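Geometric and topological summary
Read off the chains here:
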Amino acid sequence: MDTKSKKLFEEARRYIPGGVNSPVRAFGAVGRTPRFIASAYGDKIVDVDGNEMIDYVCSWGPGILGHANPRVVEKVREACTYGLTFGAPTAREVELAKLIEKMVPSIEVSRLVSSGTEAVMSALRVARGYTKRDKILKFIGCYHGHSDGLLVKAGSGALTASIPDSAGVPLDYTKNTLTASYNDKDSVERFFLKYPKEIAAVIVEPVAANMGVVLPQDGFLSFLREITTRYGALLIFDEVITGFRLATGGAQEYFQVTPDLTTLGKIVGGGMPVGAYGGRRDIMEFAAPVGPVYQAGTLSGNPVSTAAGIETLRILMEDPGIYGRLERKAKKIAQAVRNAAGDSVCVNQIGSLLSVFFTAREVTDYESAVSSDTGRFAQYFGYLLDHGIYTAPSQFEAMFVSDAHTQEDIEETCLVLEGYFRR
Ligand SMILES: *Cc1c(COP(=O)(O)O)cnc(C)c1O
């Protein structure tokens, strides 16, 4: 059933570290070998052995319209015929920046980069340049890409600097990163009391989706808005996942909280490598060439990538009913699991994002998320995979619902889930 995938994985491991170009693809956490994908269309993904699966990974977020949306593919095809990259400005970059300005409430000015990692890295540099402060406060369990200063685990004492969470990151690179607990206002307040004039920015996933899906509790985001303003720090929403997913204006529209800077990725590229950061004009103009903060990119604003991004955002703008449809589908899956599994799991869902945590606790932060039984998760993942449902091979990732998921496939998914939990 997965002979070709297994063979390819064996070969891949000879030429690529661990056989994959991004670690979570390796299926290591679930004790399986990864499926090598041959094609994808709509809500289906097909591996090299010909297994067709209903896909809830959606490339880890970009696929809000499903795979190979015909309008997006056509724009990409057309863009290719005019040349793949110029390293000079194009009209499409202006168009994408205008769309972003129109859709995302807090963004007046934005800059395109090629990944979410790069977007966050650059936004932090601008925040530090603007505030002339060095420290950054982040939350345990939130992921902001793999740049050195953000690969941290919490310090040993509550108010110490963070320590690296990866080999190859010098201690010096993380000494200005502070880590607080998600949904814990006191843990944030304590850092501001200790460093009232040193914190350049608080960066947060407004809905955490990289420790599984964890919702912000009532008032948490507005508290972050208030305390950053009070201490002269910037508030950065990392909307690489939530941007254009929770609403056309992302989480900031959904929760009506306005950050100073926003980072985007995933959906903004419509399946091509694009990231963006943006916000208030006076802050963004600290970026070169007008400002003193250097940031650049050979392929930034690439003409083919921007074609995919523009068409994707246009489709979302033209059809705001999409967000209601996505939510109804995700709710249906969440309800099916809750009904079948009862209190043995915690299902968190918002908009088209959901996670099934194998814990009886309510999951509100990293600590409760990691109380999950990853062994039970691995078994659940394997059952789903064997029954044609493709989900992320880790307890600590989201399930993504797309506009291409058909009612029929949602129902099929619910049946498989019920089958698993009622065995
Ligand atoms: C995926 C992700 C990133 C990193 O984006 P890449 O394109 O993988 O570099 C940053 N922040 C969040 C919230 C993400 O989900």
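Attention here is on the structure that accompanies the text. Model, not experiment: these values are computed from the prediction. (Residues numbered from 1 in each chain as written. Predicted model: local features only at pLDDT ≥ 70, side-chain atom pairs only at ≥ 80, totals over all residues. Heavy atoms only, no water.)

1. What about the pattern of salt bridges?
Heads up, the condition is: Salt bridge criterion: a side-chain nitrogen from Lys or Arg within 4 Å of a carboxyl oxygen from Asp or Glu. Summary of the burial criterion: residues with accessible area below 20% of their type's maximum are buried, those above 50% are exposed, and those between are partly exposed, where the area comes from a 1.4 Å probe applied to protein chains only. A run of H or I in DSSP counts as a helix once it spans at least four residues, and a run of E counts as a strand once it spans at least two, with each numbered from the N terminus.
Taken as a whole and judged by the stated rule, the model has 24 salt bridges. Linking Lys6 and Asp2 is a salt bridge whose minimum nitrogen-to-oxygen distance equals 3.2 Å. With a relative accessible area of 15%, Asp2 lands in the buried category. A salt bridge links Glu311 to Arg71; the shortest N-O distance between them is 2.9 Å. Of this pair, Glu311 sits in helix α10 (residues 303-318) while Arg71 sits in helix α2 (residues 70-81); the two residues are 240 residues apart in sequence, bridging distant segments of the chain. Look at the salt bridges and you will find they share partners, linking Arg71, Glu95, Glu311, Arg314 and Glu318 into a network.

2. So, the site of the ligand
Let me state the cut-off plainly: Residue proximity to a molecule or strand is established when one non-hydrogen atom of the residue lies within 4 Å of it. In the analysis that follows, any N or O atom pair within 3.5 Å is treated as a polar contact, provided that within protein one partner can donate a hydrogen and the other can accept it, and provided that, for residues neighboring in sequence, both atoms belong to side chains. Here the open area of atoms and residues is found with the Shrake-Rupley method and a 1.4 Å probe, where only the protein chains shown may cover a residue. Think of it as three bins: nonpolar holds Ala, Val, Leu, Ile, Met, Phe, Trp, Tyr, Cys and Pro, charged holds Asp, Glu, Lys and Arg, and polar takes everything else, Gly as well.
Within the structure, the ligand sits among Ser115, Gly116, Thr117, Tyr143, His144, Gly145, Glu205, Asn210, Asp238, Val240, Ile241 and Lys266. Here a nitrogen atom of the ligand and a side-chain polar atom of Asp238 are 2.7 Å apart. The fraction of the free accessible surface of the ligand (380 Å²) that becomes covered by protein chains is 83%. Considering only residue class, the shell around the ligand consists of three nonpolar, six polar and three charged.

3. Thoughts on the packing of aromatic side chains
Filter applied, for reference: Only the six-membered ring of Trp is used, alongside the rings of Phe and Tyr, when aromatic pairs are assigned; centres must lie within 6.5 Å, and planes under 30 degrees apart are stacked while those over 60 apart are edge-to-face, with the rest tilted. Working rule: Lys NZ or Arg CZ, within 6 Å of ring centre, within 35 degrees of ring normal, means a charge sits over the ring.
Going through the model one piece at a time under the given rule, you end up with 17 aromatic pairs. Summarising the aromatic geometry, the rings of Phe9 and Phe36 are spaced 6.5 Å apart at their centres and angled 55° between planes, so their arrangement reads as tilted. Pair noted here: Phe9 is in helix α1 (residues 3-15) and Phe36 is in the loop between α1 and β1 (37-41), with a separation of 27 residues, a long-range link. Since its relative accessible area comes to 6%, Phe9 is described here as buried. Above the plane of the ring of Tyr195 lies Lys135, whose end atom (NZ or CZ) is 4.8 Å from the centre. Across the ring face of Tyr383, the terminal group of Arg423 is positioned such that the distance to the ring centre comes to 5.9 Å.

4. Observations concerning the environment of Tyr130
Note the cut-off: Any two residues whose heavy atoms approach within 4.5 Å are treated as being in contact.
Among the structural elements, Tyr130 can be located in helix α4 (residues 116-131). Remark: the alpha-carbon pair of Tyr130 and Ala233, spanning 103 residues in sequence, is separated by 9.8 Å. Beyond its immediate chain neighbours, meaning those up to four positions away, Tyr130 contacts Leu234, Arg280, Asp282, Ile283 and Phe286. Side-chain polar atoms of Tyr130 contact the side chain of Asp282, separated by 3.0 Å.

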